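Now for the letters of each chain:
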Amino acid sequence: MAAIAIGYLVVVTVAAVGAGWLAPYDPVSTDLDHVLSGPSAQHLLGTDALGRDLLSRLMYGGQASLAGVAQAVVTMLVIGIPLGLLAGYAGGWADRVVTWIVDVALAVPVIVVLLMVLAVFRNNQTAAMLALGILGAPDLARIVRGSTLAVRNELYISAARLTGLTSVRIMARHVLPRITGPIVVRASLFAGGALLAQSGLSYLGLGVQPPAPTWGGMVADASTVIEQQPWSLIPPGIVLGLAILSFGLIGDAMRDAAADRSSRQVVKASARRSSSGDVVTKTQAPAPVEPESTALLSLRGVGIELATPAGQSTVAENLDLDVQSGEIVGLVGESGCGKSMTGRAVLGLLPEGGRVNAGRIVFEGRDLTTMSPREIRRSRGAGMALVSQDPSDSLDPVFRVGHQLDELVRKYHKGSRKEIRARGLELLRSVSLPDPEAVARRYPHELSGGMAQRVAIAFALAGSPSLLIADEPTTALDVTVQAEILDLLRGLSSTTGMAIMFITHDWGVVADLCDRAYVMYAGHVMESSPVGRMFANPLHPYTAGLLDSTPRRDVRRQLLPSIPGTVPSAGEWPTGCHFHPRCPLATSVCEVTAIPMAEPESNHHTRCIHHTQVRRGGGNGRSGALA
Amino acid sequence: MNGVNHSRSRIAEVRSARWRAGRLVALLIAVIVIMVTAGACYGQRAGGAGASGEPADQLNIGSGFVPNSLDPAKINAAMAWYVNLAYDPLIYWAPDGKLQPRLATSWKYLGEGNRVFELKLRENVTFSDGSPFTADVVKKNIEYFRDAGGESAASLTSVEAVDAVDRSTVRITLSSPDPSLPMVFTQNRLAGNMISGKAIDNPGLLATATAGAGPYVLSEDETVASDHYTYKPNPSYWNKQDVHYGKVVIKVLPNPNTALSALKTGQVDVIQGQYTTAGAAESAGLNVAHAPQVFTGLALADRAGELVPPLADVRVRRALNFAVDRKKITGGLFGEYGTPTEQIVLSGQDGYNDKSFYSYDPEQARRLLAEAGYADGFSLKVVSSANTSAIAQAIADDLGKVGVRLELTNHNDPTNYLRDVAGGEFAAYAIGFGTMPVHLMGPRLFLPSAAQFNPMRSSDPSIESWYRDAAAADAKGRAELDRRIVARLAEEAWFVPVSFIPVFMYSSTSVTGVELTPQRPASNPVEWRPS
Amino acid sequence: MVRLIIRRILISIPLVVVVTLLTFLLQSLAPGDTARAILGESYTPEAHAQLSHELGLDRPMLVQYWDWLTHAFRGDLGVSPISGIDVAPEIANRLSVTLSLTVGTAILAVVIGVGLGVLSAVRRGRLGRAVDVISLVGFALPNFWLALVLVTVFAVAIPVLPATGYMPLADSPGGWLVSLVLPVATLATSAVAVMAKQTRDAMLDVLSRGFVHSLRANGVSETSIIFRHGLRNAAIPVVTVLGLLFVNLASGSVLVEAVFAMPGLGGLAVQASTQHDLPTVQGVALVFTLIVVVVNLVVDLAYGWLNPKVRVR
């Protein structure tokens, strides 16, 4: 789109600048024998009331329009950039003065001033466009100031200052290049506005005078002969509209480009689609058919795919997972292993374009994958609920806590306003908030992180769910608050019999809270067992590696070993065992064959054929590899 | 578009929201349908009104002009309708060009030389504000008009004294002869439109209210300035038979195309037309009246060459007259409605010369320019108005072909145009001037006292002496002198007249009496009646 | 709240003074002057000098400004020397036209623009792209051109609507509505485009927030999520845009009023500034500035009301 827009503007500019050579006729030469002719072979766009060629007038008319736009934009840049740099970089009184000028300028009635300037300078379009540029400059200054403030305190600027560069040079060499993005965006949008203003004024007959053609003037000419030749309204309108559109499109594209730059890495990575992932899926042995589980939640052979710009991408496959009533189950792994997506798949809340592409998710005896969205929604809240990671972003900021709680409670309890509120306060009390009434009156931003997370838990409890999916609910909290929240969750589970699926990467939390744990890596469950056994005797090298890289209280002043390498992105999974490139025990078999789940001990599953060699404390066969 | 990235984490399941959104769309569509239907109903109502001949008690007029003021002493003559409805003139200018008694029952010059003028006044006339119409009030009016600086003031500069001889007789003494006072006191020359004496004492109110002895009174409650003006019958009007409607509304419709469509759909009954819409109006079956009146072309203001020395040479000015193709410009711009002209008066009018002064001869033009020493041409600044912009551009193209370059400045706002015409910065201006008796044109157009349209105070001894003689002469002698003045203006090439264009009136079949004649190329809403 | 209002008003006073002083000085530079404009065809240098003196135009600029300011403070904007009409009531009359136009457009922009924006945020894909296209086209069409096209279609070719003019609400509510249809449609095209795009972006942003996810997971219905939580949160940035939009509408109405021959402030601004009608130009500039100030105040209040984080201040 942006390319087309630029192309169009180039064509218009060339046509205007080169009108002297390219235009078929003299733009002011009248031909009174052929007035108001429609499009014809001699006059491709027809003629006006004086028989002048419309195409030629359009081409020449572009000169005044584009010159006006250029004057306004250049004026705005010349005044706005230094003002903004000065305010942002120097700060202090300069900043205050510039900010005040911006305030004044924003209150100036632009159109009235332009009319006055045209009266003062006798229809001099240049004066009007310069005035427009001056009036537009403060707004640009505001933007430049903001960007400069952001850049000013970065390290390399301080470094440049220390090397003795003058402020002017720092601004020109180091600050300016960093803030060109927003400037270009603003300039492009402003250019569209300037073109609109220029043509509007020439439509009113102010500015460039006849017989010299202007686009706005041509619209005005056409308006007087609507009865005789309505067609003549079309060409100038279209040419003008497309030019304004082009400036807008370019501005939009620039802004998008700037916004995308930060996330480019991610997009690129996920855009590349690995074929190996597909191969693995295809070579996967079919999930063993197991007897109907009696678990509260049971996942069997579940695969999850998400939409990426490059197409669908699998983020988890062949998942088997059970949560019994009242049980607290940990789902452990590094970031990007598919833990959260597993939680979302259970809730039926995968991002747009995502879906469960294989297997069954059975909750309370019903298969969620075959239920309609409406039924799934009904199961949320009452059946299962969510507590998410960031308490500051898990409550609607614009409603009071009590108000939001009322809405949730009302879903599950009929009753008067008072009864509803009472139930809400009861919930707040149940999450050990000291003064529920006061909390209910507050807005989310008035709560501390720990309080907010308690409130979020209270929200989740509103429907008395049998399963709570807790997605790293303590990660964003202080250590002491973490402990309180964990105590709360443990207590709630034991008093209400609510099961918890606890998604985390923190082994301490797992040890503290969970009955059983699943370790996930690159979309696969690698190991599952009761927590005690997993800590004592991990059967997967990934588990062992993770456990070893966790600080332990009993071994001090020792460098923590870590697992070399990083988790591969979805779609870049290796063949065979997904962990093999980082595994100290990997053999050639691991690189080719999909490894099935094994159950070497009762209730202790592992997806590793070398599980017998797994030892904790860096004793994984090749000693020291993890040091 | 941050949202697009964020949106990736959005949820697919939105069925109930879709339903909700669908309802919203339905609501929006309903709103739009209601608005359009309301519009259509309005259109039908308005359309039906014209066709079925709405109860004849309302007349709707479309005017192209927002009146600068409603004060007869200040309003522009082009906007006379706003005044005509509420003010009766001393003398009535009838469609056949004759002058008829109105508030004055008779008038005459006393003695020889057109220096003393006497009016006999109608008795028992009261103004709409209840104050009486007397000789004293007439005296007050004439002095007010003379001093108010409006368009009619120029015709009253020679008024030395106004005396109320008795309650119904007024005598005007002039400092110089003026044969045209009867004309000056008609409805269209404005100065005859008598204002209540009480109102003249408080002239500020006259800008937005009326205080005349005419058939209607402005109803301020039903008026939105600059948009529409509503007039109700004047209960104390002396001449009830001239009141044909229970209500008259003048609606401002500045765009000729939309004015025409308003007439076609019956929103208005009468509008002023112009050549760009005349064909469409005729084919729509409307009554189209027209009469030639306005000469248009260039006025070469700088005849002494102060700004543009070449213009001082009569050969150069004549060259410009030879360089324009009058026939082609007239045909191209005005079609069948225009008449090419080289003089500033119409055929049949006093002062008309039955001969041709200039043919279209660019060769001759180049020769004259070369003789004058300007073979390479020259350039001059020209100012034009909305109505003369097109002809100025057409003339510019023709003159360009003989090397004379016009630098045009156009003002859509008449005030700015008039300011620049009189400002002395432009060597020439595009002119559209409603022709009138030569004597009236003198102080407005070609005498040194015509500050507005003779901004460089060009003077020509023969013209001035003929003009003086004509003022004191009898009708026959005046006709001959007028002819000489017009011929001299053409030979001296003070102007480059190109075309006479008509004034147009369009009216629907529900109205009669909307006529224009060469004798009186202006129509008066007071004459319009239901058919 | 009251303190916020008072503070904003106090800040606005010097702003209004500076802006009107700027326009006053600018106007005083204009060639030709009020006295010249009044004299019209009866201009002579002597009359000009005398009239200038009578009107006080020969005094120093700052004295004249101070004179104007002190009168304006008492609600007296002077008398137009061109038309002899009192400026303050004239502006009040015309303000009602311009406000009918701009407020009508703003309402339409909110109803349709927000509706379309929400719709396209919820149902992306083809509809989202359609809203994108609509908003681009709306943004690009020069409003004076669009106005002419609408007039040609709906008033000349298929005459169902009055092409020009204005009917006061008090005279005829139906006529008022009908006289506003075309001009409002013209202005609303771009306004709806802006609102739809802003609403869509804001909604998408809100719907991607963590709390929306939590609400969904805890069983809140989609209707409530979109119309209660989503719209309410999205309203915060949208209100700011609406304020800017309204200020732009006031400017945009100048051209639209010209095309539709509406007796509004825009037409007055054009007429007065070209005629050197200083008191009227000053009055119009004052009113436009006040509109900006009032709109900013309203936006601030609405912002505080919508956004509890700001409310506490």
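For clarity, every value in this text was computed on a predicted model and none was experimentally measured.

Calculation rules
Residues numbered from 1 in each chain as written. Chains lettered and ligands numbered in written order. Predicted model: local features only at pLDDT ≥ 70, side-chain atom pairs only at ≥ 80, totals over all residues. Helix = DSSP H or I, 4+ residues; strand = E, 2+ residues; numbered from the N terminus. Buried ≥ 20, exposed ≤ 12 C-beta atoms within 10 Å, placed from the backbone. Contact = placed C-beta atoms within 7 Å. Expected span 1.5 Å × (residues − 1). Nonpolar A, V, L, I, M, F, W, Y, C, P; charged D, E, K, R; others polar. Pairing = 2+ DSSP bridges. Axes fitted to C-alpha atoms, helices over the stretch in contact; angles between N-to-C directions. Core = buried A, V, L, I, M, F, W, Y, C linked by C-beta atoms within 7 Å. Right-handed = clockwise from strand over helix to strand, strands pointing away.

A.B. asks: Before we go on, may I ask you to explain the overall build of chain A in this structure?
C.D. replies: When helices and strands are counted, chain A shows 23 helices and twelve strands. Dimensions of chain A along its principal axes, counting C-alpha atoms only, are 100 × 65 × 60 Å. Looking at chain A as a whole, 52% of its 627 residues are labelled buried. A separation threshold of at least 6 residues defines the contact pool for chain A, and within that pool the share at least 24 residues apart is 68%.

A.B. asks: Would you mind showing me how to read helix α3 (residues 54-90) of chain A here?
C.D. replies: The α-helix advances 3.6 residues per turn, and as a result positions three or four apart in sequence lie on the same side. Between the first and last C-alpha of α3 of chain A there are 53 Å, a value that for 37 residues agrees with the 54 Å anticipated at 1.5 Å per step. Just beyond α3 of chain A, the residue with positive phi is glycine 91 of chain A, at close to 65°.

A.B. asks: What is the right way to look at the interface of chain A and chain C in this model?
C.D. replies: Interface size is commonly expressed as the accessible surface area that is lost when the partners come together. Contacts between the two partners involve 58 residues from chain A and, on the opposite side, 55 residues from chain C. Top element by residues in the side of chain A that touches chain C is helix α5 (residues 110-120) of chain A. It accounts for nine residues. Of the residues belonging to the side of chain A that touches chain C, the class tally is 38 nonpolar, eleven polar and nine charged.

A.B. asks: Can you walk me through the sheet that holds strand β4 (residues 355-363) of chain A in this structure?
C.D. replies: Backbone hydrogen bonds hold the strands of a sheet together, and the pairing may be parallel or antiparallel. Residue and element names in this part refer to chain A. Pairing is antiparallel across the open sheet formed by four strands, whose spatial order is β2-β1-β4-β5. If you trace the sheet from one side to the other, it starts and ends with β2 (311-323) and β5 (366-367), each paired once. Both strand β1 (residues 297-308) and β4 contribute to a ladder of seven bridges, which runs antiparallel. Looking across to β4, one finds that isoleucine 304 is bridged to valine 356.

A.B. asks: Any chance you could explain the sheet that holds strand β4 (residues 104-110) of chain B here in plain terms?
C.D. replies: Residue and element names in this part refer to chain B. Read across the sheet, four strands follow the order β4-β5-β7-β6 without closing on themselves; strand pairing throughout is antiparallel. Strands with a single pairing partner mark the edges of an open sheet, and in this sheet they are β4 and β6 (159-166). Averaged over all pairs of adjacent strands, the angle between strand axes in this sheet comes to 20°, irrespective of strand direction. In this sheet, strand β7 (residues 169-174) lies alongside β6 in antiparallel orientation, the contact comprising six bridges. Bridge pairing in β7 links valine 159 to leucine 174. The sheet contacts of helix α4 (residues 135-148) involve β5 (116-121), β6 and β7, and relative to β6 the element is tilted by about 170°.

A.B. asks: Mind showing me how you'd approach the nonpolar core here?
C.D. replies: Buried together is how nonpolar side chains tend to be arranged in soluble globular proteins. Core analysis: the largest hydrophobic core is formed by 431 residues, its most contacted members being Leu114 of chain A together with Val382 of chain B. The contacts of leucine 114 of chain A, once residues within four sequence positions are left out, are Ala128, Ala131, Leu132, Ala197 and Leu201 of chain A.

A.B. asks: Please clarify how the pairing of strand β6 (residues 384-387) of chain A should be interpreted in this entry.
C.D. replies: Consecutive side chains of a regular strand alternate in pointing toward one face of the sheet and then the other. Residue and element names in this part refer to chain A. Across the two faces of β6 the burial is the same, with Met384 and Leu386 and Ala385 and Val387 all buried. In the sheet, β6 pairs with strand β7 (residues 467-471) via four bridges, with the strands oriented parallel. Across the sheet, leucine 386 pairs through a bridge with isoleucine 469, a residue of β7.

A.B. asks: Got a minute to help me understand the pairing of strand β14 (residues 378-385) of chain B in this structure?
C.D. replies: Residue and element names in this part refer to chain B. As paired elements, β14 and strand β15 (residues 404-411) share eight bridges and run parallel to each other. Pairing of valine 382 across the sheet is with leucine 408, part of β15. Crossover handedness for the path β14 to helix α12 (residues 389-400) to β15: right-handed. For β14 and strand β16 (residues 428-434), the ladder comprises two bridges, and the chain directions are parallel. Counterpart to valine 383 in the pairing with β16 is tyrosine 429.

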